[in-house]
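# Results of the structural survey
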Amino acid sequence: MANKNSNLGAAKTAKNDEFYTQYGDVEQGCQFYNDQLKGKTVLCNCDDYHTSNFVKYYLDNFSKIGLSRLIAINNHTNECYSVNDETEMIFSVKDGSFDSSDANILMQTADVVITNPPFSSFRRFFKHLIDNKKKFLIIAPLLAISYVEVFDLFLKGEVRIGKCKKTQMKFQQPNGELKGVPAIWLTNLDTPAVEPMELTATYNPEIHKKYDDFNGFINVRKLKECPRDYKDWMGLPITFLVHYCPEQFELSDKYLIQHDLHIDNKSVFLRVFARLRK
(Lines give C-alpha, C1' and ligand atoms only; values in the text may rest on other atoms or scores of the structure.)
Protein backbone atom coordinates (compact mmCIF):
# COMPACT_ATOMS: atom_id res chain seq x y z
CA MET A 1 0.00 0.00 0.00
CA ALA A 2 2.87 2.40 0.82
CA ASN A 3 4.36 1.81 -2.60
CA LYS A 4 0.97 2.46 -4.24
CA ASN A 5 0.59 5.75 -2.36
CA SER A 6 4.10 6.71 -3.37
CA ASN A 7 3.30 6.04 -7.00
CA LEU A 8 0.08 8.02 -6.76
CA GLY A 9 1.98 10.91 -5.21
CA ALA A 10 4.57 10.82 -7.94
CA ALA A 11 1.87 10.78 -10.60
CA LYS A 12 0.13 13.75 -8.99
CA THR A 13 3.41 15.69 -8.82
CA ALA A 14 4.12 14.94 -12.47
CA LYS A 15 0.63 16.09 -13.45
CA ASN A 16 0.96 19.29 -11.43
CA ASP A 17 4.33 19.95 -13.07
CA GLU A 18 2.90 19.98 -16.59
CA PHE A 19 3.01 23.73 -17.17
CA TYR A 20 3.74 25.01 -20.67
CA THR A 21 5.14 28.51 -21.08
CA GLN A 22 3.18 30.78 -23.41
CA TYR A 23 4.96 32.21 -26.43
CA GLY A 24 4.47 35.79 -25.25
CA ASP A 25 6.17 35.07 -21.92
CA VAL A 26 9.08 33.35 -23.67
CA GLU A 27 9.48 36.35 -25.95
CA GLN A 28 9.27 38.85 -23.08
CA GLY A 29 11.88 37.04 -21.03
CA CYS A 30 14.32 36.07 -23.77
CA GLN A 31 14.38 39.12 -26.03
CA PHE A 32 16.74 41.08 -23.75
CA TYR A 33 19.49 38.49 -24.14
CA ASN A 34 19.44 37.79 -27.89
CA ASP A 35 22.56 39.88 -28.52
CA GLN A 36 24.49 37.55 -26.20
CA LEU A 37 23.49 34.46 -28.19
CA LYS A 38 25.08 35.26 -31.55
CA GLY A 39 27.16 32.29 -32.68
CA LYS A 40 26.05 30.27 -29.63
CA THR A 41 24.42 26.89 -29.13
CA VAL A 42 21.21 27.04 -27.08
CA LEU A 43 19.97 23.97 -25.23
CA CYS A 44 16.32 23.63 -24.19
CA ASN A 45 16.70 20.51 -22.07
CA CYS A 46 13.13 20.24 -20.74
CA ASP A 47 11.31 20.76 -24.01
CA ASP A 48 9.26 18.77 -26.52
CA TYR A 49 10.26 20.32 -29.84
CA HIS A 50 6.75 19.67 -31.19
CA THR A 51 5.05 21.95 -28.64
CA SER A 52 7.68 24.00 -26.76
CA ASN A 53 7.37 27.73 -27.25
CA PHE A 54 11.02 28.09 -26.34
CA VAL A 55 11.88 25.98 -29.39
CA LYS A 56 9.35 27.87 -31.52
CA TYR A 57 10.74 31.25 -30.43
CA TYR A 58 14.34 30.34 -31.24
CA LEU A 59 13.39 28.74 -34.55
CA ASP A 60 11.46 31.89 -35.47
CA ASN A 61 14.47 34.04 -34.59
CA PHE A 62 17.31 31.66 -35.47
CA SER A 63 18.79 33.74 -38.29
CA LYS A 64 17.96 37.11 -36.74
CA ILE A 65 19.83 36.22 -33.55
CA GLY A 66 22.58 34.41 -35.44
CA LEU A 67 22.37 31.18 -33.46
CA SER A 68 24.86 28.46 -34.27
CA ARG A 69 22.69 25.56 -33.10
CA LEU A 70 19.49 24.81 -31.20
CA ILE A 71 19.01 21.56 -29.26
CA ALA A 72 15.85 20.39 -27.48
CA ILE A 73 15.38 17.33 -25.28
CA ASN A 74 12.01 15.83 -24.40
CA ASN A 75 12.29 14.44 -20.85
CA HIS A 76 9.26 12.17 -21.34
CA THR A 77 9.86 10.58 -24.75
CA ASN A 78 13.70 10.82 -24.80
CA GLU A 79 13.39 12.38 -28.25
CA CYS A 80 15.95 15.03 -29.20
CA TYR A 81 15.91 17.71 -31.85
CA SER A 82 18.92 19.53 -33.24
CA VAL A 83 19.10 22.19 -35.92
CA ASN A 84 21.79 24.47 -37.36
CA ASP A 85 22.11 26.43 -40.60
CA GLU A 86 22.66 23.30 -42.66
CA THR A 87 21.04 20.31 -41.02
CA GLU A 88 18.01 19.32 -38.96
CA MET A 89 18.09 16.08 -36.95
CA ILE A 90 15.66 14.13 -34.81
CA PHE A 91 17.10 11.31 -32.73
CA SER A 92 16.51 9.40 -29.52
CA VAL A 93 18.64 8.89 -26.41
CA LYS A 94 18.37 6.21 -23.77
CA ASP A 95 17.44 8.70 -21.03
CA GLY A 96 16.23 12.25 -21.73
CA SER A 97 16.17 13.38 -18.08
CA PHE A 98 17.95 16.71 -17.76
CA ASP A 99 20.69 15.27 -15.55
CA SER A 100 21.15 11.93 -17.31
CA SER A 101 24.48 11.00 -18.87
CA ASP A 102 22.92 11.35 -22.34
CA ALA A 103 21.60 14.84 -21.62
CA ASN A 104 24.92 15.82 -20.03
CA ILE A 105 26.79 15.00 -23.23
CA LEU A 106 24.48 17.33 -25.14
CA MET A 107 24.71 19.99 -22.43
CA GLN A 108 28.49 20.08 -22.70
CA THR A 109 28.13 21.07 -26.36
CA ALA A 110 25.82 23.97 -25.49
CA ASP A 111 26.78 27.51 -24.50
CA VAL A 112 23.52 28.46 -22.79
CA VAL A 113 20.62 26.51 -21.24
CA ILE A 114 17.26 28.22 -21.72
CA THR A 115 14.08 26.53 -20.51
CA ASN A 116 11.29 26.23 -17.96
CA PRO A 117 12.30 23.26 -15.76
CA PRO A 118 9.79 21.24 -13.70
CA PHE A 119 9.28 23.28 -10.54
CA SER A 120 9.19 20.16 -8.37
CA SER A 121 12.76 19.41 -9.52
CA PHE A 122 13.97 23.00 -9.56
CA ARG A 123 16.59 22.70 -6.81
CA ARG A 124 18.13 19.65 -8.47
CA PHE A 125 18.00 21.35 -11.87
CA PHE A 126 19.61 24.53 -10.55
CA LYS A 127 22.38 22.62 -8.77
CA HIS A 128 23.06 20.70 -11.97
CA LEU A 129 23.56 23.96 -13.88
CA ILE A 130 25.85 25.44 -11.22
CA ASP A 131 27.88 22.25 -10.83
CA ASN A 132 28.45 22.21 -14.59
CA LYS A 133 29.24 25.95 -14.71
CA LYS A 134 26.67 26.57 -17.43
CA LYS A 135 25.27 29.88 -18.56
CA PHE A 136 21.49 29.87 -18.23
CA LEU A 137 18.22 31.77 -18.58
CA ILE A 138 15.42 29.87 -16.87
CA ILE A 139 11.96 30.31 -15.38
CA ALA A 140 11.81 29.56 -11.66
CA PRO A 141 9.13 29.52 -8.97
CA LEU A 142 9.04 32.91 -7.26
CA LEU A 143 10.12 31.46 -3.92
CA ALA A 144 13.25 29.98 -5.51
CA ILE A 145 14.99 33.29 -4.87
CA SER A 146 14.67 32.55 -1.14
CA TYR A 147 16.38 29.15 -1.43
CA VAL A 148 19.77 29.33 0.27
CA GLU A 149 21.66 27.99 -2.74
CA VAL A 150 20.06 30.59 -5.01
CA PHE A 151 20.01 33.54 -2.62
CA ASP A 152 23.70 33.20 -1.75
CA LEU A 153 24.62 33.49 -5.44
CA PHE A 154 22.15 36.36 -5.84
CA LEU A 155 23.90 38.31 -3.07
CA LYS A 156 27.26 37.70 -4.75
CA GLY A 157 25.89 38.95 -8.07
CA GLU A 158 26.50 35.56 -9.69
CA VAL A 159 22.78 34.95 -10.27
CA ARG A 160 20.41 37.72 -11.25
CA ILE A 161 16.69 38.12 -11.70
CA GLY A 162 15.99 38.52 -15.41
CA LYS A 163 15.37 41.83 -17.10
CA CYS A 164 11.70 40.89 -17.47
CA LYS A 165 10.31 41.79 -14.05
CA LYS A 166 7.11 39.75 -14.12
CA THR A 167 6.41 37.82 -10.92
CA GLN A 168 3.27 36.05 -12.14
CA MET A 169 2.90 34.04 -15.35
CA LYS A 170 0.00 32.13 -16.82
CA PHE A 171 1.04 28.65 -17.89
CA GLN A 172 -0.96 26.35 -20.10
CA GLN A 173 -1.93 23.04 -18.54
CA PRO A 174 -2.38 19.75 -20.43
CA ASN A 175 -6.17 20.32 -20.51
CA GLY A 176 -5.62 23.65 -22.28
CA GLU A 177 -6.58 25.81 -19.32
CA LEU A 178 -4.33 28.63 -18.16
CA LYS A 179 -3.11 28.73 -14.57
CA GLY A 180 -1.49 31.73 -12.91
CA VAL A 181 1.69 30.80 -11.04
CA PRO A 182 4.13 33.05 -9.13
CA ALA A 183 7.31 32.80 -11.21
CA ILE A 184 10.40 34.77 -12.21
CA TRP A 185 13.30 34.59 -14.65
CA LEU A 186 16.73 33.72 -13.26
CA THR A 187 19.97 34.06 -15.19
CA ASN A 188 23.74 34.41 -15.01
CA LEU A 189 23.91 36.17 -18.36
CA ASP A 190 24.84 39.85 -18.41
CA THR A 191 21.86 41.82 -17.13
CA PRO A 192 21.54 45.62 -16.88
CA ALA A 193 21.61 47.11 -13.39
CA VAL A 194 18.24 47.57 -11.71
CA GLU A 195 16.98 51.15 -11.60
CA PRO A 196 15.95 52.58 -8.19
CA MET A 197 12.29 52.16 -7.27
CA GLU A 198 10.10 55.25 -7.41
CA LEU A 199 8.72 55.53 -3.89
CA THR A 200 5.63 57.67 -3.28
CA ALA A 201 4.25 56.40 0.03
CA THR A 202 5.09 57.95 3.40
CA TYR A 203 5.40 56.28 6.78
CA ASN A 204 2.08 55.67 8.53
CA PRO A 205 2.12 53.69 11.82
CA GLU A 206 -1.45 52.55 11.16
CA ILE A 207 -0.34 50.90 7.92
CA HIS A 208 3.31 50.08 8.66
CA LYS A 209 2.83 48.05 11.82
CA LYS A 210 5.68 46.62 13.85
CA TYR A 211 6.34 42.91 14.19
CA ASP A 212 5.74 41.11 17.46
CA ASP A 213 9.00 39.23 16.85
CA PHE A 214 11.33 42.12 15.88
CA ASN A 215 10.97 45.26 17.93
CA GLY A 216 11.28 48.36 15.78
CA PHE A 217 11.05 46.52 12.44
CA ILE A 218 8.01 47.61 10.43
CA ASN A 219 6.01 45.56 7.95
CA VAL A 220 5.40 46.71 4.38
CA ARG A 221 2.37 44.88 3.02
CA LYS A 222 2.85 45.83 -0.64
CA LEU A 223 5.76 47.34 -2.56
CA LYS A 224 3.69 50.40 -3.44
CA GLU A 225 3.37 51.07 0.33
CA CYS A 226 7.14 51.19 0.86
CA PRO A 227 7.68 54.52 2.68
CA ARG A 228 10.20 56.91 1.16
CA ASP A 229 10.75 58.71 4.48
CA TYR A 230 11.47 55.71 6.74
CA LYS A 231 15.19 55.01 7.19
CA ASP A 232 15.09 52.07 9.60
CA TRP A 233 14.60 48.34 8.90
CA MET A 234 11.44 47.14 7.23
CA GLY A 235 10.12 43.77 6.11
CA LEU A 236 9.28 43.78 2.42
CA PRO A 237 7.47 41.19 0.24
CA ILE A 238 9.72 38.67 -1.49
CA THR A 239 8.89 40.42 -4.79
CA PHE A 240 11.05 43.29 -3.54
CA LEU A 241 14.12 41.35 -4.70
CA VAL A 242 12.94 41.69 -8.30
CA HIS A 243 13.30 45.48 -7.93
CA TYR A 244 16.23 45.49 -5.49
CA CYS A 245 18.76 48.20 -6.31
CA PRO A 246 21.91 48.01 -4.10
CA GLU A 247 22.48 51.74 -4.46
CA GLN A 248 19.01 52.46 -3.07
CA PHE A 249 18.55 49.76 -0.41
CA GLU A 250 20.73 47.97 2.10
CA LEU A 251 19.92 44.35 2.92
CA SER A 252 20.16 43.26 6.54
CA ASP A 253 23.23 41.09 7.26
CA LYS A 254 21.52 39.50 10.26
CA TYR A 255 17.93 39.08 9.09
CA LEU A 256 17.90 38.57 5.36
CA ILE A 257 14.78 36.47 4.88
CA GLN A 258 12.35 35.60 7.65
CA HIS A 259 9.57 33.00 7.56
CA ASP A 260 8.14 33.06 11.10
CA LEU A 261 6.86 36.58 11.60
CA HIS A 262 3.78 37.84 13.43
CA ILE A 263 1.79 41.04 13.87
CA ASP A 264 -0.80 41.01 16.63
CA ASN A 265 -0.21 37.25 16.93
CA LYS A 266 -1.12 36.71 13.27
CA SER A 267 1.36 35.14 10.87
CA VAL A 268 2.95 37.27 8.16
CA PHE A 269 4.20 35.69 4.94
CA LEU A 270 7.88 35.55 3.97
CA ARG A 271 9.67 38.90 4.24
CA VAL A 272 13.02 40.38 3.19
CA PHE A 273 14.54 42.88 5.61
CA ALA A 274 16.05 46.00 4.08
CA ARG A 275 16.33 49.72 4.66
CA LEU A 276 16.83 52.79 2.52
CA ARG A 277 20.39 53.99 2.26
CA LYS A 278 20.89 57.30 4.02
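Everything numeric here is computed off the predicted structure, so don't read it as measured data.

What counts and what doesn't
Residues numbered from 1 in each chain as written. Predicted model: local features only at pLDDT ≥ 70, side-chain atom pairs only at ≥ 80, totals over all residues. Heavy atoms only, no water. Core = buried A, V, L, I, M, F, W, Y, C linked by side-chain atoms within 4.5 Å. Buried < 20%, exposed > 50% of the residue type's maximum accessible area, 1.4 Å probe, protein only. Contact = heavy atoms within 4.5 Å. Salt bridge = Lys/Arg side-chain N within 4 Å of Asp/Glu carboxyl O. Helix = DSSP H or I, 4+ residues; strand = E, 2+ residues; numbered from the N terminus. pLDDT = per-residue confidence, 0-100. Patch = residues over 30% accessible without salt bridge, like charges linked within 9 Å, V, L, I, M, F, W, Y side chains within 5 Å. Areas by Shrake-Rupley, 256 points an atom, 1.4 Å probe, with all protein chains shown as cover. Lys, Arg positive; Asp, Glu negative; His and termini not counted. Charge placed at Lys NZ, Arg CZ, Asp CG, Glu CD. Arc of directions from axis to C-beta. Phe/Tyr/Trp six-rings, centres within 6.5 Å; stacked < 30°, edge-to-face > 60°. Lys NZ or Arg CZ within 6 Å of the ring centre and 35° of its normal. Polar contact = N/O pair within 3.5 Å; in protein donor to acceptor, adjacent residues only side chain to side chain. Axes fitted to C-alpha atoms, helices over the stretch in contact; angles between N-to-C directions. Parallel < 35°, antiparallel > 145°, perpendicular 65-115°, else oblique.

## Here we look at the nonpolar core
One recurring pattern in soluble globular proteins is that nonpolar side chains are buried together. With 52 residues, the main nonpolar core has Phe122, Ile145, Leu186, Phe240, Leu241 and Phe249 as its most contacted residues. Sequence-distant contacts of Phe249, defined by excluding residues within four places in its chain, comprise Met197, Leu199, Cys226, Met234, Phe240, Tyr244, Ala274, Arg275, Leu276 and Arg277. Counting residues in hydrophobic clusters, the runner-up holds 31 residues, among them Tyr49, Val55, Ala72 and Phe171.

## Some remarks on the pattern of salt bridges
Taken as a whole, this structure holds 7 salt bridges when the rule is applied. One salt bridge in this structure joins Asp131 and Lys127, with 2.6 Å as the shortest N-O distance. Linking Asp131 with Lys127, this pair stays in helix 6 (residues 122–131), spanning 4 residues, or about one helical turn. With a relative accessible area of 48%, Asp131 lands in the partly exposed category. Between Glu225 and Arg221 there is a salt bridge, with its nearest N and O atoms 2.9 Å apart.

## Remarks on the confidence of the model for the chain
Here the chain averages 90 in pLDDT, while 94% of its residues score no lower than 70. Contacts of residues 1–15 to residues separated by more than four positions or lying in other chains number 1 contact, the stretch itself having pLDDT below 50.

## Remarks on a negative patch on the surface
Judged by side-chain charge, Asp212, Asp213, Asp260 and Asp264 come together as a negatively charged surface patch. With respect to the helices and strands, Asp212 occurs in the loop between strand 9 (178–187) and strand 10 (218–219). Owing to a relative accessible area of 43%, Asp212 belongs among the partly exposed residues under this scheme.

## Overview of helix 7 (residues 148–155)
An α-helical turn contains 3.6 residues, so any two residues separated by three or four positions project in the same direction. Taken as a whole, helix 7 has its buried residues at Val150, Phe151, Leu153 and Phe154. For helix 7, the angular spread of buried residues about the axis comes to 165°, placing them on one side. Looking one or two residues beyond helix 7, the residue adopting positive phi is Gly157, at roughly 80°.

## Considerations on the environment of Gly176
Tracing the chain through its elements places Gly176 in the loop between strand 8 (168–172) and strand 9. It is 32 Å that separates the C-alpha atoms of Gly176 and Leu241, two residues lying 65 residues apart in sequence.

## Quick word on the environment of Glu27
Considering the arrangement of structural elements, one finds Glu27 in helix 2 (residues 23–30). Given the relative accessible area of 36%, Glu27 is considered partly exposed. Along the chain, Glu27 and Phe54 lie 27 residues apart, while their C-alpha atoms are 8.4 Å from each other.

## Digging into the packing of aromatic side chains
Throughout the structure, instances matching the rule amount to 17 aromatic pairs. Look at Tyr49 and Tyr81: their rings are 4.7 Å apart centre to centre, the planes differ by 5°, and that puts the pair in the stacked class. Here the residue Tyr49 occupies a position in the loop between strand 1 (41–44) and helix 3 (53–60), and Tyr81 occupies one in strand 3 (residues 79–84), the gap between them amounting to 32 residues. Across the pair, exposure class does not vary: Tyr49 and Tyr81 are buried alike. Pairwise contacts between aromatic rings join Phe151, Phe154, Phe240, Tyr244 and Phe249 into one cluster. One Lys or Arg, Arg123, reaches over the ring of Tyr147 and ends 4.1 Å from the middle of that ring.

## A word on the side chain of Arg271
Checked against the element boundaries, Arg271 lands in strand 16 (residues 271–276). Buried within the structure, Arg271 lacks any salt-bridge partner; Glu225 is the closest side chain of opposite charge, at an N-O distance of 7.9 Å. In terms of polar contacts, Arg271 uses its side chain to reach the backbone carbonyl oxygen of Val220, at 3.5 Å. Once residues within four sequence positions are removed from consideration, Arg271 is found in contact with Tyr211, Asn219, Val220, Arg221, Gly235, Leu236, Pro237, Leu256, Ile257, Gln258 and Leu261.

## A look at the packing of helix 6 against helix 7
Relative to each other, helix 6 and helix 7 sit at 45°, their axes nearing to 10 Å. When the axis of helix 6 is compared with that of helix 7, the two are oblique. Along its contact with helix 6, which presents Phe122, Arg123, Phe126 and Ile130, the element helix 7 presents Val148, Glu149, Val150 and Leu153.

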